[in-house]
Amino acid sequence: MNQTTDTRSRKKVSWRAAMVTAPSVPPVYGIAVEVAEHNLIILADKEVKVGTSCHVYLDIPGTQVNKKNYVDFTGNISCTSLMGQVSMFRHIVQIKEINSIQRENLLKALKSTS
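Remember, it's a predicted structure, so these values are computed and weren't measured experimentally. (Residues numbered from 1 in each chain as written. Predicted model: local features only at pLDDT ≥ 70, side-chain atom pairs only at ≥ 80, totals over all residues. Heavy atoms only, no water.)

Topic: the overall build of the protein chain
Then, in step 1: For the protein chain, the helix and strand inventory stands at 1 helix and 6 strands.
Then, in step 2: Listing every helix and strand of the protein chain by position from the N terminus yields β-β-β-β-β-β-α.
Then, in step 3: Expressed as a percentage of its 114 residues, the buried residues of the protein chain come to 39%.
Then, in step 4: For the protein chain, long-range pairs separated by at least 24 residues make up 54% of all intrachain contacts whose partners lie at least 6 apart in sequence.
Then, in step 5: Counting every atom, the protein chain has about 6,900 Å² of accessible surface; 53% of that belongs to carbon and sulfur. (Helix = DSSP H or I, 4+ residues; strand = E, 2+ residues; numbered from the N terminus. Buried < 20%, exposed > 50% of the residue type's maximum accessible area, 1.4 Å probe, protein only. Contact = heavy atoms within 4.5 Å. Areas by Shrake-Rupley, 256 points an atom, 1.4 Å probe, with all protein chains shown as cover.)

Points about the sheet that holds strand E3 (residues 39-44)
Pairing between the strands of a sheet comes from backbone hydrogen bonds, and it takes one of two forms, parallel or antiparallel.
Then, in step 1: Ordered by their spatial adjacency, 6 strands build a closed barrel running E1-E2-E3-E6-E5-E4, and the pairing between neighbours is antiparallel. Across the sheet, the mean angle from the axis of one strand to that of its neighbour is 45 degrees, orientation sign disregarded.
Then, in step 2: Inspection of the sheet shows strand E1 (residues 11-20) paired to strand E4 (residues 53-60) by 5 bridges, in the antiparallel sense. Paired with Met19 across the strands is Val56, a residue of E4. (Pairing = 2+ DSSP bridges. Axes fitted to C-alpha atoms, helices over the stretch in contact; angles between N-to-C directions.)

From the geometry alone we can't say anything about function, so treat these as descriptive.
In structure tokens:
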């Protein structure tokens, strides 16, 4: 199985997400519902076209209650589909570039998610 179809490593989450496709375009806000080390699924009201490269920001759970904890990386939209029941777009995002500290923070957040 490839990274796009392998769902065994993805964990179910409910993290706020933002996808920035260009500096001059407003972000597309959504919710990350499944996350793994190399890919994730984001539900959003707006469509981001397949093949689009974007900067992704995830609001991950932190150890301190009042402190916001974010992970950011560059990703590529590998699949987009409209989910009719909820009228939202399901985006599968492949993580392309993430620095080592951000990857470590992402893995810690995934480990703490049950």
